[in-house]
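Coordinate inspection notes
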Amino acid sequence: MVLELRKPRPVWQIMFSTHHTDVALLYTITGLAFLFMAGVLALMIRTHLFFPGQGILISDPATFNRIFTVHGLTMLFLFALPFAAGIGNYLVPIMVRYKDMAYPKLNAVAFWMNPIGGALLWLGFSDTSWVSYAPYSVIRAPGPAADMMIFGLKILGISSILSSINFVVTILKCKHPDLPLRQVPLFAWSILTVSLMTLVAMPSYAASLIMLLTDRLGVSGFFNPSAGGDPIAYLHLFWFTFHPEVYIFLLPAIGMMYELIPRFSRKPLFSQASGIFAFVMLGLIGFASWGHHMYSTGMDFTTKVVFMIGTLAAVPASGMHVFNFLATMWGGRIRFAAPMKFAVGGIALFFSAGAGGVLNSAMPLDFITHGTYWVVGHMHLFLTGTIAFGFVAMAYYMFPFITGRMYSEKLANIHFVGMMWGTVQVFFTQHLLGLEGMARRIYDYPAEYTSWVELNQIATVGAWILGGSFVFFLANLIYSVAKGKEANMDDPFGLGGKYYYPYQAKNPTHHTGY
Amino acid sequence: MGHDTAEWVFVGIVIAILFYVGVDSWIVQKAVEEIPADAETIKVTGQQWFWSFEHPDGTKEKITLHLQKGHAYKFEIYAKDVMHSFNIPDYVVFEDAVPGHVNHAWFSPEQTGEFPIQCREYCGIGHYQMRGTLVVEESKS
C-alpha cells in the first residue's frame, strides 16, 4: 500500500507533504520517538527507587518530580495520541474509500503542532505532575517551566481537536456513498468515536489551562483560594476531560485489535454490530465517571454513588469487546505472528486491568488504593498492557506495508516475551505496593519499610526487562528497514490472502502511486 | 447455543457481578461514613511539608499525634497552602486536605503502637518526607 521508505524520496518531500500516508508516517515515527524518550525517563524513575535513601541516578527531589511529570505528559500526549492519529491517517481514508483525509492541509498543520508542543514540554520540564493540580500549579510551581507546559499542552490540545474534526468529517462526509456507515471497519469506528469524544471533552481542559495561566499571572483567581477561587473546580474541569480521555487513548488500541484478531484468526469477525454498540456505549459512558478520581476530595455520599454507578456502567461494554475478540478467535486457524501475539497479550492484560478497575470504583476500596502505587499499576496496565500492546501489534502489522520489508520474527519474539514478562512483573507488583500503602510520586521512602523495599526492587527489575525488550524492538525496526527480507506484498503474513485487506478495497480515486 | 445467547449470558454475568460490587460498596461506605456522636474532634492541618494537630483541649502537636485506644476520633482536615492528603494507611484514614475546604474523616484505634502517617497527594519537593507518626496509647479513662 504505502512504500514510502522504498522510494528514494528526499526527506523534505515527506515532511512537507499533505498526503495522508506521509502525514501518517510522520505521526507514527514521532510517536515512537517520544515513546523511547519517555521510556528512558521511566527507567530512570524505577532505577532510582531500587534502593531507598541512596539517591541513585536522581539526586534531588525537584528533578525527580520533573522527570515523572514529563514522563507522564510525553507518554499520553506525544506517544498515545500521535501514534493513534498516525495509524488512523493510514487506514481511515482507505477504509471509507476516499482519496485522502477531508482536509489534507489541516492534517499536516495538526501534525506539526506535535513537535512544537513536545519541544515546549521537554524544554520546560515542569514539576507539576501531569495532572497539575491547583493550587500547587498556581502558587508554588516554578516558572517558566509550568508556563511552558501550559502553552505546550494548549498547542497539543488544539492539534488533537483539529485532527478530530478532520477524522469526523472524513468518516461521515467523505465516505463512499455505496458504503453504509455500519459496514465501515471497526478501527474507523473507534477513531470516529474518540474524535467525537475529543470534541466534547477537550474544551473543558483547554479552558482550565487558560484559567491556570491567568491565575499564575495573577490576573485571576479561579483556582486560588487566597483570591477567592476553588481548587476543586480545577479538578472537575480536568477530570471531565481526562476521564473520557482514558477511552480516547484506549479505543484506538481496541480498534487496532479488531483489525488484527479476525485476520490472524482467519475467520470473520464475530459481530460487527456488538463492536459498534460497545464503542458508542463507551463513548457515552466515558463522560459519566470523571468523579471517581475525586472521591476523597470531600465529595458527599450521593455524588460518590452516582459516579460509582457511572464507572461500573462502562464495564459491560468493555466486556463485550473482550467477548467479541474471544468469540472471533474461537475455532479459528490462528497464526501467531508478532502482531497477533501482541494483540492477544493486550487483550489478556486489558481483562486484568479492567478487573482492577472494578475494585477501584467500589468506594470503600478506593479509599485504600487512591493515590497509591495501586493506581500507578492499574493505569499502567491499561496504558502499557493494553494501549502500548495494541499499538506495538499494529506497528509490526503495518511494517511490511510501509517499508516493503519484513521485520525479524525472532527479535519480535524476544520483544514480546520481554514486554509481557516486564509488564506483568512491574505493574502487578505496583498493585501490591499500593496495598502496602506506598504513596505515588514520592522521591524516596524509609528503608525500614522492608516490604516496600522488596516490592520496589521486584518492580524495578521488571521495568528493566520491559525496557530491555524495547531495545530489541528498536533494533528490529532499524535493522529490518534496511536489511529485512523483502515482504510478499500480496500476503506478507502468509494468511492465505482471501481475507479482506483495507487497501484492496475498490477505490477508484485513491492514489496508487504510493 | 446461538451466538447472541452466549453474548447476552456473558454480559448478564458481568452485570450481576457489577451489581454485587455496587450494592456491597454502597452498604459498606454508608456504614464507614457514619461518624459516632461521641467522637472527639482533632484538627489536622497540612502544609508544605508537615502535619500539625490540635486536640479539643487546645494541646497542639506537630508530626506526631498521640491518641488513646478505644476512643472514636473525628478529624477536621485543613490545608494551608496547596492540596495535601491526610492518610493513615493502617487504619484506612484517607481524605484530601484542600485549601479553602474542611474535610472530615473518622476512626477508632483498636491497637496500641506506632503507625505511619503520610501525605498521599503530590504537594511539591518535600512531598516524600511529609510523614508523621500516630502513637496509640492505652486508654487513661
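What you see is a predicted model, and the numbers here were worked out from it, not measured in a lab. (Residues numbered from 1 in each chain as written. Chains lettered and ligands numbered in written order. Predicted model: local features only at pLDDT ≥ 70, side-chain atom pairs only at ≥ 80, totals over all residues.)

Here we look at the overall build of chain B
The cut-off we apply is this: Going along the chain from the N terminus, every DSSP run of H or I of four or more residues is numbered as a helix, and every run of E of two or more is numbered as a strand. Using C-alpha atoms as the atom set, the radius of gyration is obtained and then compared with a globule rule of 2.2 Å times the number of residues to the power 0.38. Here the C-beta atoms are placed from the backbone, and a residue counts as buried if at least 20 other C-beta atoms lie within 10 Å of its own, exposed if 12 or fewer do, and partly exposed otherwise. By definition, residues are in contact whenever their C-beta atoms, placed on the basis of the backbone, come within 7 Å of each other.
Looking only at helices and strands, one finds 1 helix and 10 strands in chain B. For chain B, the C-alpha radius of gyration of 20 Å lies well beyond 14 Å, the compact-globule estimate for 141 residues. The principal-axis extent of the C-alpha atoms belonging to chain B is close to 70 × 40 × 25 Å. In chain B, which comprises 141 residues, the proportion classed as buried is 34%. Long-range pairs, those at least 24 residues apart, make up 61% of the contacts in chain B between residues at least 6 apart in sequence.

Digging into the overall build of chain A
Helix and strand counts for chain A come out as 16 helices and 0 strands. Its C-alpha radius of gyration of 22 Å places chain A within 12% of the 24 Å reference for a compact globule of 514 residues. Principal axes of the C-alpha set define a box for chain A whose edges measure 65 × 45 × 45 Å. Burial analysis of chain A (514 residues in total) assigns 57% to the buried set.

A closer look at unusual backbone geometry
With an omega of 0°, the peptide bond between Ala134(A) and Pro135(A) qualifies as cis. One can find Pro135(A) in the loop between helix H4 (104-124) and helix H5 (136-140). With an omega dihedral of -10°, the bond running from Gln48(B) to Trp49(B) counts as a cis peptide bond. Its location among the elements puts Trp49(B) in the loop between strand E1 (40-47) and strand E2 (50-54).

Brief notes about the sheet that holds strand E4 (residues 64-68) of chain B
Residue and element names in this part refer to chain B. Going by this rule: Paired strands are those between which DSSP finds at least two bridges. Whenever a helix is involved, its axis is fitted only over the stretch in contact; in every case the axis is a line through C-alpha atoms, and angles between N-to-C directions fall within 0 to 180 degrees.
Taken in spatial order, the 5 strands of this open sheet run E4-E10-E9-E6-E7, and their pairing is mixed. Two strands bound the open sheet, and with one partner strand each, they are E4 and strand E7 (93-97). Going across the sheet, the axis of each strand differs from the next one's by a mean of 20°, ignoring polarity. Pairing of E4 with strand E10 (residues 131-137), which is carried by 5 bridges, proceeds in the parallel orientation. In the sheet register, Gln 68 faces E10, and the bridge partner there is Glu 137.

A word on the packing of helix H9 (residues 272-285) of chain A against helix H11 (residues 314-329) of chain A
All names here are of chain A. Filter applied, for reference: Convention used here: angles under 35 degrees read as roughly parallel, angles over 145 as roughly antiparallel, angles from 65 to 115 as roughly perpendicular, and any remaining angle as oblique. Should the near helix be turned counterclockwise from the far one by less than a right angle, the crossing is left-handed, whereas a clockwise turn marks it as right-handed. Following the grouping adopted for this structure description, the nonpolar residues are Ala, Val, Leu, Ile, Met, Phe, Trp, Tyr, Cys and Pro, the charged ones are Asp, Glu, Lys and Arg, and the polar ones are all others, Gly among them.
Running from N to C, H9 and H11 cross one another at 155°; their axes reach a closest spacing of 9 Å. The angle between H9 and H11 falls in the class roughly antiparallel. Our pair here, H9 against H11, has a crossing hand that is left-handed. Contact residues: H9 offers Ser 274, Gly 275, Ala 278, Met 281, Leu 282 and Ile 285, while H11 offers Ala 314, Ala 317, Ser 318, Met 320, His 321 and Asn 324. Taken together, the residues of the contact of H9 with H11 break down into 7 nonpolar, 5 polar and no charged.

Regarding the domain arrangement of chain B
Filter applied, for reference: Each domain span listed reflects an automatic or database assignment of domains.
By domain assignment, chain B separates into domain 1 (1-34) and domain 2 (40-137). Measuring from the centre of the C-alpha atoms in domain 1 of chain B to the corresponding centre in domain 2 of chain B gives 35 Å.

What about the nonpolar core?
In a soluble, globular protein the nonpolar side chains are often hidden away together inside. Put simply, the rule reads: Nonpolar cores are built from buried Ala, Val, Leu, Ile, Met, Phe, Trp, Tyr and Cys residues. These are joined into a set through C-beta atoms within 7 Å.
Ranked by size, the top nonpolar core spans 189 residues in total, and within it Ala188(A), Met257(A), Ala393(A) and Tyr396(A) carry the most contacts. When neighbours within four sequence positions are excluded, Tyr396(A) is seen to be in contact with Ala338(A), Pro339(A), Phe342(A), Tyr407(A) and Ala412(A).

So, the packing of helix H8 (residues 231-265) of chain A against helix H14 (residues 373-403) of chain A
Residue and element names in this part refer to chain A. Two elements in contact, H8 and H14, have axes whose closest approach is 9 Å; the angle formed by their N-to-C orientations is 45°. The angle between the axes of H8 and H14 places the two elements in the oblique class. Judged by the twist between their axes, the crossing of H8 over H14 is left-handed. Each of Phe 249, Leu 250, Ala 253, Ile 254, Met 256, Met 257 and Leu 260 in H8 lies in contact with H14, whose residues at this interface are Phe 382, Leu 383, Thr 386, Ile 387, Gly 390, Phe 391, Ala 393, Met 394 and Tyr 397.

As for the sheet that holds strand E8 (residues 103-107) of chain B
Across a sheet, paired strands are connected by hydrogen bonds in the backbone, their directions being either parallel or antiparallel. All names here are of chain B. An order of E3-E2-E1-E5-E8 is seen for the 5 strands of this open sheet, with the pairing classed as mixed. Two strands in the sheet have a free side with no partner beyond their single neighbour: strand E3 (60-62) and E8. Each strand axis lies, on average, 25° off the axis of its neighbour in the sheet, ignoring direction. Relative to strand E5 (residues 73-79), E1 runs parallel, the two sharing 7 bridges. Across the sheet, Thr 45 pairs through a bridge with Tyr 78, a residue of E5.

Examining the interface of chain A and chain B
In this assembly, 44 residues from chain A lie in contact with 39 residues from chain B. Taken together, the residues of the side of chain A that touches chain B sort by class into 28 nonpolar, 12 polar and 4 charged.

Observations regarding the pairing of strand E6 (residues 84-88) of chain B
Residues and elements named next belong to chain B. Most of E6 sits out of view: 5 of its 5 residues are buried. A two-sided burial pattern is seen for E6, the buried positions comprising His 84, Phe 86 and Ile 88 on one face and Ser 85 and Asn 87 on the other. Relative to E7, E6 runs antiparallel, the two sharing 5 bridges. Following the sheet pairing, Ile 88 is matched in E7 by Val 93. The turn joining E6 and E7, which pair antiparallel and follow one another in sequence, is formed by 4 residues; a positive phi near 50° is taken by Val 92. Summarising the sheet, E6 and strand E9 (residues 113-119) pair through 2 bridges and their orientation is antiparallel. Residue pairing in the sheet places Phe 86 in a bridge with Cys 119 of E9.

Examining the pairing of E1(B)
All names here are of chain B. Where E1 and E2 come together, 5 bridges link them in antiparallel fashion. In the sheet register, Thr 45 faces E2, and the bridge partner there is Ser 52. Joining the antiparallel neighbours E1 and E2 is a turn of 2 residues.

Some words on the environment of Asp60(A)
Residues and elements named next belong to chain A. If you trace the backbone, Asp 60 turns up in the loop between helix H2 (20-48) and helix H3 (61-95). For Asp 60, a count of 11 C-beta atoms within 10 Å translates into the label exposed. The sequence separation of Asp 60 and Asp 444 amounts to 384 residues, and the corresponding C-alpha distance is 9.8 Å.

A short note on the confidence of the model for chain B
Inclusion rule: In predicted models, pLDDT denotes the confidence assigned by the predictor to each residue on a 0 to 100 scale.
Mean pLDDT for chain B: 92, with 97% of residues reaching 70 or above. With a pTM of 0.94, the predicted complex shows an ipTM of 0.94.

Some thoughts on the environment of Val28(B)
All names here are of chain B. Within the secondary structure layout, Val 28 lies in helix H1 (residues 3-32). Owing to 14 C-beta atoms within 10 Å, Val 28 belongs among the partly exposed residues under this scheme. Each C-alpha atom of the pair Val 28 and Thr 112 lies 25 Å from the other, and the pair is 84 residues apart in sequence.

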